[in-house]
Amino acid sequence: MGDQEKRLLSRKAVCIFSAALAAALLFSIVFAEDPFISDRAARWFQKEFRALMERDHSDTTPPVITNPRIFPYQMKRGDPRAEISANVYDRSGISSVYAEVGRKQVLMFDLDGDGRYIGYCGSNLAPGDYDINIVAVDRAGNAAISPCRSLKVLDPLDLNANRIEDSLESLGPEETRVIVLHDDNVTGSEGEKLRNLDILRGSAMLVPGNRIPELARLRGVRGIYRDQKLRILGEQCGGNGSDLPGPPENPRRAATGLTGRGVTVALIDTGVDAEHESLDDLDDDPATPDPKIVAFVDMVNNLEKPYDDNGHGTHCASLISGTKGIGVAPGSRLVVLKVMDRDGSCYLSDALSALDWCAKNRDVYDIRVISFSVGGDKGSERPTLLDEACNRMVEDGIVVVVAAGNSGPSPSSIVVPGEAEEVITVGAIDAKGKIFERSSRGPTSDGRIKPDIVTIGVDVPSALAGTKNDESCMSGTSMAVPQVAGAAALILEGFGNLTPADVKRVLLRSADDLGDPGADNTFGWGAMNITRAVLCLREDPETVAGPELRSVDVSSNEANVGDLVVIEALVAGEVEEVTSTITGAGKEAEIPMVDFDLNSIYTTFWETGLWRPGDYTIKVELRGRYGERISRSIPFRLNPRRR
């Protein structure tokens, strides 16, 4: 046996031994009071260890897989996980068993020691049909594969999987506003196209209700959804609070020495009154040509001159960038997109169009932040189209701040798009730190904590549209959002190289913890404290430092088909997940990595027995707690199997 093979065998032994030990310890801790389960874990560990020590290198027979099964074979987002199981036998012992679910691998274990391997697949997959194959590899490196029944993941809005939102079925001939997701321009003959939605590859359309099934059957159509109504999330003063935390920082009184100068914030709202003294220019000197509002886009009435026929947008705009002590970031510039009508309502497609515009014009106006104080009437059982679009904006480098909603105090009341994972979702408190009674609460439909942060949103004074310098007060999560957007502008002025995930992490980790210790579904990570956030960035950046992918190590840069390839990643910081993705020769697989012994080294192994020779890329990606994504790729060569 050569040195390389010995090293591979040694790494494999360590990997298997660590996995067995970790599983045994986990089960012994979790089920310490149940002697039966603890004994099962110990027996499983002993079996794995003996099989490792008693390896038969002369074995050339692959494992036998029987009775593959998945239950349930159909689920929707939010459902309990599905169990995948199979009987697996090999006389030399089993090295690993996993299920391929689409491009993901689900690890399977035999904790009972009876040859029945079990793994679990969550329901947070995109809707669709997933082929499942169970792969078993024995101690000698022989691999076997067995197909299992496919898994169908349903869209909760389309439970019969006919590409039509269930609420749109069996309609009459009345025209209905819909959003059609499609691969090509296939929708022209079935209805009136209102606008393209490039951010989601679709169109907003006006279609006779009884023609929707015909539209859904056209080649290239991926789904048809109701173009739902959104509304502003602010109201006249008079909100009340509950709970008993401490007094928060007033964001507009933060002593940071920053003004947001050089940063542009896009406000998606009811418009803006550009004649109000707090919004007419950057320095309150009308003789200087320095407009605060650098662009105005009217998607309601197509007018060119800025206006606000509701007042909500002006109130929010001044909270972001108003001078005379009204705004958090008085030196920032504003791009205002009017998508809400005079009643404070718009369609989902209008909001998507506004995000489209921001994406196309971000470099023209240097848009770094979006303030979005609108939402749907209630939460959703699935990530909505607007959630998806907001996440994409963040991934493209723009901080997106949205409202939690005014649908509390019930749990799971976060409104669209507040459940979007990458955005900063904001709840409202009063000046004493009490939660605004109607501020929406988490958790999200898939169990995540929301809101992310809270700030003052009760009885908040700001600019009054239609006046020169008057103010009015409003309450709601709408009022909290622009103040967080202004805080993001301050941070980006002082630390311009930060990513949206960096800004989110800094704001959340520097927040004043309210309510129960730690993050919770009422206050999120706590009340925003801009002064502390900026102070940490200036004087102690380690306290708000993000996760690191310090190194990626592969047991060898090339191997032969059938060899075991060990992949390790050294990480630091708050890590949510580490995965490795193998790509090449017409195949791709995503393999989870595990920190078996809690030493910040995440490990996995790539069983190559069923892969074709060729050039591959091994990509390791770290996902941080606040949405950070860091990756590193290594080229790899897989040679033909040894003869």
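Residues numbered from 1 in each chain as written. Predicted model: local features only at pLDDT ≥ 70, side-chain atom pairs only at ≥ 80, totals over all residues. Heavy atoms only, no water.

### Examining the sheet that holds strand S28 (residues 548-554)
In plain terms, the rule: Any two strands between which DSSP finds at least two bridges are classified as paired. Helix and strand definitions follow DSSP, with helices as H or I runs of at least four residues and strands as E runs of at least two, each counted in order from the N terminus. Only the stretch in contact is used when fitting a helix axis, every axis being a line fitted to C-alpha atoms; angles between N-to-C directions are given from 0 to 180 degrees.
Pairing in this open sheet of three strands is antiparallel, and the strands run S28-S30-S33 from one edge to the other. A single partner strand is all that each edge strand has here, and the edge strands are S28 and strand S33 (601-607). Each strand axis lies, on average, 20° off the axis of its neighbour in the sheet, ignoring direction. Looking at chain direction, S28 and strand S30 (residues 564-572) are connected through six bridges and run antiparallel.

### Quick notes on the nonpolar core
To keep it simple, the criterion reads: Definition of nonpolar core: a set of buried residues of the types Ala, Val, Leu, Ile, Met, Phe, Trp, Tyr and Cys, connected through side-chain atoms within 4.5 Å. Exposure is judged per residue with a 1.4 Å probe applied to protein chains only, and the accessible area is read against the type maximum: over 50% gives exposed, under 20% gives buried, and values in between give partly exposed. Contacts are assigned to residue pairs with any non-hydrogen atoms lying within 4.5 Å of each other.
Within the largest apolar cluster, 60 residues are counted, with the highest numbers of intra-cluster contacts made by Ile453, Ile491 and Leu507. Looking at this core element by element, the count peaks at eleven residues for helix H7 (residues 477-494). Other than its neighbours up to four places away in sequence, isoleucine 491 contacts Leu498, Val503, Val506, Leu507, Ala533 and Leu537.

### What to know about empty space enclosed by the protein
Applicable threshold: Buriedness for pockets is judged along seven lines, at least five of which must meet protein on both sides within 12 Å for an open set on the 1 Å grid over protein atoms alone, while cavities are sets there where a 1.4 Å probe fits but cannot get out, and lining residues have an atom within 4 Å of a point. Grid points are joined across faces, edges and corners, and a volume is the space filled by probe spheres set on the points.
As enumerated under the stated definition, the model contains two cavities of 30 Å³ or more in all. In this model, the second largest cavity occupies a volume close to 50 Å³. Around the second largest cavity, the lining residues are Ser96, Val97, Tyr98, Gln105, Leu107, Ile591, Thr604 and Phe605. Of all the secondary-structure elements, those providing two or more residues to the lining of the second largest cavity are strand S4 (94-101), strand S5 (104-108) and S33. Considering every element that reaches the lining of the second largest cavity, the biggest residue donor is S4, with three residues.

### Structural notes on the packing of aromatic side chains
Where we set the bar: In summary, the pairing rule links any two rings of Phe, Tyr or Trp, Trp by its six-membered ring, whose centres are within 6.5 Å, and it sorts them by plane angle into stacked for under 30 degrees, edge-to-face for over 60 and tilted for everything else. Both a distance and an angle decide whether a charge sits over a ring: NZ of Lys or CZ of Arg must be within 6 Å of the ring centre and within 35 degrees of the ring normal.
Here the structure, examined in full by the defined rule, presents seven aromatic pairs. With a centroid separation of 5.2 Å and an interplanar angle of 80°, the aromatic rings of tryptophan 606 and tryptophan 611 are classed as edge-to-face. For the pair formed by tryptophan 606 and tryptophan 611, the shared burial category is buried. For the pair tryptophan 606 and tyrosine 616, a centre-to-centre distance of 5.5 Å together with 70° between the ring planes defines the contact as edge-to-face. Of this pair, tryptophan 606 sits in strand S33 while tyrosine 616 sits in strand S34 (residues 614-624); the two residues are ten residues apart in sequence, bridging distant segments of the chain. A residue is classified by how much of its surface remains accessible, and tryptophan 606, at 1% relative accessible area, is buried. What links up through ring pairs into an aromatic cluster is the set Trp606, Trp611, Tyr616 and Phe636. Over the face of the ring belonging to tyrosine 73 we find arginine 149, whose NZ or CZ atom lies 3.4 Å from the ring centre. The cationic tip of arginine 177 hangs over the ring face of tyrosine 347; the distance from NZ or CZ to the ring centre is 3.7 Å.

### Brief notes about the environment of aspartate 520
Note the following rule: Within 3.5 Å is the distance limit for a polar contact, defined as a pair of N or O atoms, with the added protein rule that one can donate a hydrogen and the other accept it, and that residues adjacent in sequence qualify only through two side-chain atoms.
Among the structural elements, aspartate 520 can be located in the loop between helix H8 (500-509) and helix H9 (530-539). Not counting residues within four places of it along the chain, the set of residues in contact with aspartate 520 comprises Ile449, Pro451 and Leu514. At 2.8 Å, the side chain of aspartate 520 forms a polar contact with the backbone nitrogen of threonine 522.

### Side note on the packing of helix H5 (residues 348-365) against helix H6 (residues 385-395)
When two helices pack together, their arrangement is given by the angle between their axes and by how far apart the axes lie. Our working definition: Each angle is binned into one of four classes, with values under 35 degrees roughly parallel, values over 145 roughly antiparallel, values of 65 to 115 roughly perpendicular, and all other values oblique. Lys, Arg, Asp and Glu make up the charged group, whereas Ala, Val, Leu, Ile, Met, Phe, Trp, Tyr, Cys and Pro make up the nonpolar group; the residues left over, Gly among them, are polar.
In the contact formed by H5 and H6, the axes pass within 10 Å of each other and the chain directions differ by 10°. On the basis of the axis angle, H5 is roughly parallel to H6. The segment H5 lies against H6, with Leu348, Ala351, Leu352, Leu355, Cys358 and Ala359 engaging Leu385, Leu386, Ala389, Cys390 and Met393. Taken together, the residues of the contact of H5 with H6 break down into eleven nonpolar, no polar and no charged.

### Regarding the sheet that holds strand S13 (residues 229-232)
Strands pair in a sheet through their backbones, by hydrogen bonds, and they do so in one of two ways: parallel or antiparallel. Pairing within the open sheet is antiparallel, and its three strands lie in the order S19-S13-S21. Looking along the sheet, the strands with just one partner apiece sit at the ends: strand S19 (345-347) and strand S21 (374-375). Alignment of S13 against S21, held across two bridges, turns out to be antiparallel. If you follow isoleucine 232 over to S21, its bridge partner there is valine 374.

### Examining the confidence of the model for the protein chain
Spelled out, the test is: Confidence per residue, as judged by the predictor, is encoded in pLDDT with a range of 0 to 100.
When pLDDT is averaged across the protein chain, the result is 87; 87% of the residues are at 70 or more. Overall, residues 6-10 carries pLDDT values under 50, and its contacts beyond four positions in sequence, including any with other chains, amount to six contacts. Counted against residues more than four places away or in other chains, residues 48-55, with its pLDDT under 50, gives 14 contacts.

### Digging into the pairing of strand S10 (residues 192-197)
Here S10 pairs with strand S11 (residues 202-208) via five bridges, running antiparallel. Residue pairing for S11: lysine 193 is matched across the bridge by methionine 205. Between S10 and S11, which pair antiparallel in sequence order, lie four residues; one of them, arginine 201, sits at a positive phi of approximately 55°.

### Concerning the pattern of salt bridges
Put simply, the rule reads: Salt bridges are counted wherever a side-chain nitrogen of Lys or Arg sits within 4 Å of a carboxyl oxygen of Asp or Glu.
Considering all chains together, one arrives at 31 salt bridges under this definition. We note a salt bridge from arginine 211 to glutamate 214, for which the minimum N-O separation is 3.1 Å. On the basis of relative accessible area, arginine 211 is assigned to the partly exposed category, the value being 30%. Between aspartate 452 and lysine 450 there is a salt bridge, with the nearest N and O atoms lying 2.8 Å from each other. For lysine 450, a relative accessible area of 1% translates into the label buried. Each of Arg103, Lys104, Glu588 and Glu590 takes part in a single network of salt bridges with overlapping partners.

### Focus on H7
Basically, it comes down to this: One less than the number of residues in a helix, times 1.5 Å, gives the span that helix is expected to have.
The end-to-end C-alpha separation of H7 is 26 Å, in line with the 26 Å expected for 18 residues at 1.5 Å each. The buried fraction of H7 amounts to 16 of the 18 residues, a majority that puts the element mostly inside the structure.

### Digging into H8
Among the ten residues of H8, nine are classified as buried, and the element is accordingly described as predominantly covered. Taken as a whole, H8 has its buried residues at Pro500, Ala501, Asp502, Val503, Lys504, Arg505, Val506, Leu507 and Leu508. Here the buried face of H8 lies against H6, strand S22 (399-403), strand S23 (424-429), strand S25 (453-456), H7 and H9.

### Re the side chain of arginine 623
Looking at where arginine 623 falls in the secondary structure, it is placed in strand S34. Here glutamate 421 takes part through its side chain, which lies 2.9 Å from a polar atom of the side chain of arginine 623. Those residues in contact with arginine 623, other than ones at most four positions away along the chain, are Glu421, Val575, Glu576, Glu577, Glu628 and Arg629.

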